[in-house]
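Reading the structure
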Amino acid sequence: NSICEILPHLTGHVLDLGCGFGGPARMIQAAGHNVTCVSHSPVQLDYIQSRQTTNTLLADLNAPPKWPDANTALMVESFCHVRQQAQLLASLTTDRLVMIAHQSKTDSFFHPLWQMQFHNEQDFRALLNQAGWHIIHWQDRMAEKAAVTAQLWRQGLNQIPKPWNRHWELLDELSTQIETVPSFTNHFALVDLVAIRKETL
């Protein structure tokens, strides 16, 4: 559903930055877009190349490479894991930036366990603005996604025999937190964000 919701915002050749194992890229490609999957993980890119005809680029988003020609830079829940965020935003050569991004509703902070940077809305908007991006769409979808996501995670986890590795344990703990802490969505947002370069205005 998340990818379906952002598809109308994508144009032309899409750079999928922090592409994971290529699930979103397959949907975007099926919708008619040329996609380049970008990851620092050879394992992820090998998996993608073995299953689909998608361009791939091995690159660390903290040390941006020379980007191929493209129209849209896409980041699906990957921006929060980038340490050199301002550098990455300034390096992009696309005219459009689309994100599904985590955000704090209180103070900005770094979560050491998840290795995630949570900006509050004010800091997030300022970061994009300073890097030359003009936001044209901003929508928090956490309230509609949190509970159903935790439920689906729980269904998947229940199919994995125990003992679990630490990754599965952490996901189980997060699912429990979402399901049992009513204030979870008061502290965190999951934003659909679209921005264009200021010079294109």
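Refer to the preceding data block for the structure.
Along each chain, residue indices are assigned from 1 in the same order as the chain's sequence is written. Totals for whole chains, interfaces and linings use every residue, but because this is a predicted model, local features are given only for residues with pLDDT of at least 70 and side-chain atom pairs only at 80 or more, for both listing and counting. No hydrogens and no water enter the side-chain calculation; it runs on all heavy atoms of the structure.

Another point: the overall build of the chain. Helix and strand definitions here come from DSSP, where helices need a minimum of 4 consecutive H or I residues and strands a minimum of 2 consecutive E residues; each element is numbered from the N-terminal end. Looking only at helices and strands, one finds eight helices and nine strands in the chain. Atoms considered for the radius of gyration are the C-alpha atoms alone. The globule rule reads 2.2 Å times the number of residues to the power 0.38. For the chain, the C-alpha radius of gyration of 17 Å lies close to 17 Å, the compact-globule estimate for 201 residues. When the backbone C-alpha atoms are referred to their principal axes, the chain occupies close to 50 × 40 × 30 Å. All accessibility values rest on the Shrake-Rupley procedure with a 1.4 Å probe; residue burial counts only the protein chains present in the view. A total accessible area of about 10,500 Å² is found for the chain, and carbon and sulfur atoms account for 52% of it. Looking at charge distribution, the chain has the averaged site of its 14 positive side-chain charges lying 2 Å from that of its 18 negative ones. The charged-residue count follows a simple rule in which Lys and Arg add positive charge and Asp and Glu add negative charge, with His and chain termini not counted at all. Each charge is placed at NZ for Lys, CZ for Arg, CG for Asp and CD for Glu.

Helix span, as expected, comes to 1.5 Å for every residue beyond the first. Taking 1.5 Å per residue as the helical rise, helix α6 (residues 142-157) with its 16 residues ought to reach 22 Å, and the 21 Å between its terminal C-alpha atoms agrees with that figure. Here α6 has its buried residues at M142, K145, A146, A150, R154 and L157. End-on, the buried residues of α6 take up no more than an arc of 160°, which puts them together on one face. When the buried face of α6 is taken as reference, the exposed residues oriented beyond 90 degrees from it are A147 and L152. Here, residues are in contact when the closest pair of their heavy atoms is within 4.5 Å. The elements touched by buried residues of α6 are α1 (2-6), β8 (133-140), α7 (166-180), α8 (184-187) and β9 (188-197). Only protein chains enter the accessibility calculation, which uses a 1.4 Å probe; a residue whose area is less than 20% of its type maximum is buried, one above 50% is exposed, and one in between is partly exposed. This arc is taken over the directions from the axis of the helix to the C-beta atoms.

Among the structural elements, I3 can be located in helix α1. Given the relative accessible area of 8%, I3 is considered buried.

As used in this record, nonpolar core signifies buried Ala, Val, Leu, Ile, Met, Phe, Trp, Tyr and Cys residues forming a set joined through side-chain atoms within 4.5 Å. Residues L17, L89, L97, M99 and L128 are the most contacted members of the largest nonpolar core, which totals 28 residues. When contributions to this core are tallied by element, the ones reaching two or more residues are β1 (14-17), β4 (72-76), α4 (85-91), β5 (96-104), α5 (121-130), β8 and β9. Sort the elements by how many residues they give to this core and β9 lands first, with four residues. With 27 residues, the next largest nonpolar core counts C37, F118, M142 and L174 among its residues.

Below, the discussion takes up the pattern of salt bridges. Whenever a carboxyl oxygen of Asp or Glu lies within 4 Å of a side-chain nitrogen of Lys or Arg, that contact is scored as a salt bridge. The final tally for this structure, using the stated rule, is 11 salt bridges. Across the pair R166 and E173 runs a salt bridge, and its minimum N-O distance is 3.1 Å. In this structure E173 comes out as partly exposed when scored by relative accessible area, which is 42%. Through salt bridges with shared partners, a single ionic network connects E5, R141, E144, K145 and D192.

Omega for the bond connecting K162 with P163 falls within 30 degrees of zero, at 5°, which places this linkage in the cis form. Inspection of the secondary structure assignment puts P163 in the loop between α6 and α7. At E77, a position not held by glycine, the phi torsion is positive, near 55°. Relative to the helices and strands, E77 is located in the loop between β4 and α4. When its relative accessible area of 33% is taken as the criterion, E77 is described as partly exposed.

Moving on: the sheet that holds β5. By this definition, two strands are paired if DSSP reports at least two bridges between them. Judged by pairing direction, the sheet is mixed, and its seven strands sit side by side in the order β3-β2-β1-β4-β5-β9-β8 without closing on themselves. Every interior strand has two partners, whereas the edge strands, β3 (55-58) and β8, have only one. Taken pair by pair, the neighbouring strands of this sheet meet at an average axis angle of 25°, ignoring direction. The sheet contact formed by strand β2 (residues 35-39) and β3 spans four bridges and is parallel. Residue S39 lies in a different strand from β3, and its bridge partner there is L58. Only the stretch in contact is used when fitting a helix axis, every axis being a line fitted to C-alpha atoms; angles between N-to-C directions are given from 0 to 180 degrees. Helix α2 (residues 23-30) contacts β1, β2 and β4 of the sheet and is inclined by roughly 170° relative to β2. Across the sheet, α6 lies against β8 and β9, angled at about 130° from β9, the strand it touches most.

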